[in-house]
Every structure is written in structure tokens, then in C-alpha cells.
Amino acid sequence: QVRLLESGGGLVQTGGSLRLSCAASGIVFSRYDMGWYLQAPGKQRELVATITKDGSTNYADSVKGRFAISRDNGKSTVYLQMNSLKPEDTAVYYCNAKHSSLSLDYWGQGTQVTVSS
């Protein structure tokens, strides 16, 4: 059974920082590209950052220079370090695991991030 368990969300003031974690189980983590997505109320889910199994990263323009994605294959965990948070970063953040060759795509249950002004 595949499980992606996010943690680290919460309430923070503008300019603050949070570190999200996503612990994966039931997959061979090192073979998956991992990503973080957000969904704000009334809006579609959108990309925040991805990291390939080889460690290449990609970021949405809105978070470049503020957020950093990383992974620890030994712990089957992907992280999202979020700095200089803004109220517009408020959303539910979801972890994603994707195995392109096998067309497998898994999602976590999400963690709420709220940035107060």
C-alpha cells in the first residue's frame, strides 16, 4: 500500500519559515520523481516544486529564491523549505510521487499552510 504522509504545515506570520516533510512508504522512493503542489481555496492545484530521482529541481516562478525542495532517499522523504512566506502562499500543500515509466502517480492527503499578514 502506497502512502505519502505530509507534515510540517501550520500558521506562520508573513516573512516566516516552515519546513514541510513528506514520508513515503510502499514505493521504491529512489525511483520516483517527487513534487510539491498547492491548492488555494476555489483554485486548481498547481505546481510548487519538483525534484527528479536524479536530483534535478524545478520551481514555480512565484517561489523561486524563497523555497527549496530536497530529498533524502535513505529516509524516503522529500522536503520543502519555505522561507519569506507571503499571505498568497496560503494553501493546502500536497506531496506527489511520480514514476513516469510505469505511469504511476500518487498523492498525499495534504497539509495546510496559512500565512497571516
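Refer to the structure presented above.
One numbering rule holds for all chains: residues counted from 1, following each sequence as written. Two thresholds apply to this predicted model, a pLDDT of at least 70 for residue-level local features and 80 or more for giving and counting side-chain atom pairs, whereas whole-chain, interface and lining totals are computed over all residues. Working from all heavy atoms in the structure, the side-chain values ignore hydrogens and water.

**Quick word on the overall build of the protein chain**
Per the convention used, a helix needs a DSSP run of H or I reaching at least four residues, while a strand needs a run of E reaching at least two, with both numbered from the N terminus. Helix and strand content of the protein chain: zero helices and 11 strands. Its helices and strands in sequence order give the protein chain the pattern β-β-β-β-β-β-β-β-β-β-β, from N to C terminus. Expected size for 117 residues packed as a compact globule is a radius of gyration near 13 Å; at 13 Å, the protein chain falls within 12% of this value. Along the three orthogonal principal directions, the C-alpha set of the protein chain runs to about 40 × 25 × 25 Å. Within the protein chain, the fraction of its 117 residues that count as buried is 41%. To be clear on the numbers: accessible area is Shrake-Rupley with a 1.4 Å probe, and residue cover counts the displayed protein chains and nothing else. When the accessible surface of the protein chain is totalled, it reaches about 6200 Å², and 46% of it is carbon and sulfur. For the radius of gyration, the atom set is restricted to C-alpha positions; the globular benchmark scales as 2.2 Å times the number of residues to the power 0.38. Each residue's exposure class comes from its accessible area (1.4 Å probe, protein chains only) as a fraction of the maximum for that residue type: buried when under 20%, exposed when over 50%, partly exposed otherwise.

**Points about the environment of Asn 58**
Tracing the backbone shows Asn 58 in strand β6 (residues 57-59). Taking the C-alpha atoms as reference, Asn 58 lies 9.5 Å from Ala 68; in sequence the two are 10 residues apart. With residues near it in sequence (within four places) discarded, Asn 58 still touches Leu 47, Val 48, Ala 49 and Thr 50. Contacts were defined at the residue level, with two residues in contact if any of their heavy atoms lie within 4.5 Å.

**Looking at the state of the cysteines**
The rule for a disulfide is simple: a pair of cysteine sulfur atoms within 2.5 Å. Evaluated as defined, the whole model comprises one disulfide. Here Cys 22 is linked by a disulfide to Cys 95, with a sulfur-sulfur distance of 2.1 Å. The sign of the S-S torsion, about -80°, decides the handedness of the disulfide formed by Cys 22 and Cys 95: left-handed. Here Cys 22 is found in strand β3 (residues 18-25), whereas its partner Cys 95 is found in strand β9 (residues 91-99), with 73 residues between them in sequence.

**Thoughts on the layout of surface pockets**
The space that makes up the largest pocket amounts to roughly 170 Å³. Leu 38, Ala 40, Lys 43, Glu 46, Ser 62, Val 63, Arg 66, Lys 86, Glu 88, Asp 89 and Thr 90 together form the lining of the largest pocket. Here the nonpolar group is Ala, Val, Leu, Ile, Met, Phe, Trp, Tyr, Cys and Pro; Asp, Glu, Lys and Arg are the charged ones; every other residue, Gly included, is treated as polar. Looking at side-chain class alone, the lining of the largest pocket contains three nonpolar, two polar and six charged residues. Whether a set of points on the 1 Å grid over the protein atoms alone is a cavity depends on a 1.4 Å probe fitting there but being unable to get out, while an open set qualifies as a pocket with protein on both sides within 12 Å along at least five of seven lines; lining residues are those with an atom within 4 Å of a point. Grid points are joined across faces, edges and corners, and a volume is the space filled by probe spheres set on the points.

**What to know about the pattern of salt bridges**
Counted as salt bridges are all cases of a side-chain nitrogen of Lys or Arg within 4 Å of a carboxyl oxygen of Asp or Glu. Evaluation of the coordinates by the stated rule reveals three salt bridges. Here Asp 105 makes a salt bridge to Lys 98, at a shortest N to O gap of 3.4 Å. Looking at Asp 105, the relative accessible area reads 38%, which means it is partly exposed.

**Describing the sheet that holds strand β1 (residues 3-7)**
Pairing between strands requires that DSSP locate at least two bridges from one strand to the other. Reading across from one edge, β1-β3-β8-β7 is the order of the four strands in this open sheet, with antiparallel pairing throughout. A strand with exactly one partner marks an edge of an open sheet, and here the two such strands are β1 and β7 (67-72). Direction aside, neighbouring strands of the sheet carry axes that sit 15° apart on average. With five bridges connecting them, β1 and β3 associate as antiparallel partners. Across the sheet, residue Arg 3 finds its bridge partner in β3, namely Ser 25. Here an axis means a line fitted to C-alpha atoms, over the contact stretch when the element is a helix, while the angle between two N-to-C directions is reported on a 0 to 180 degree scale.

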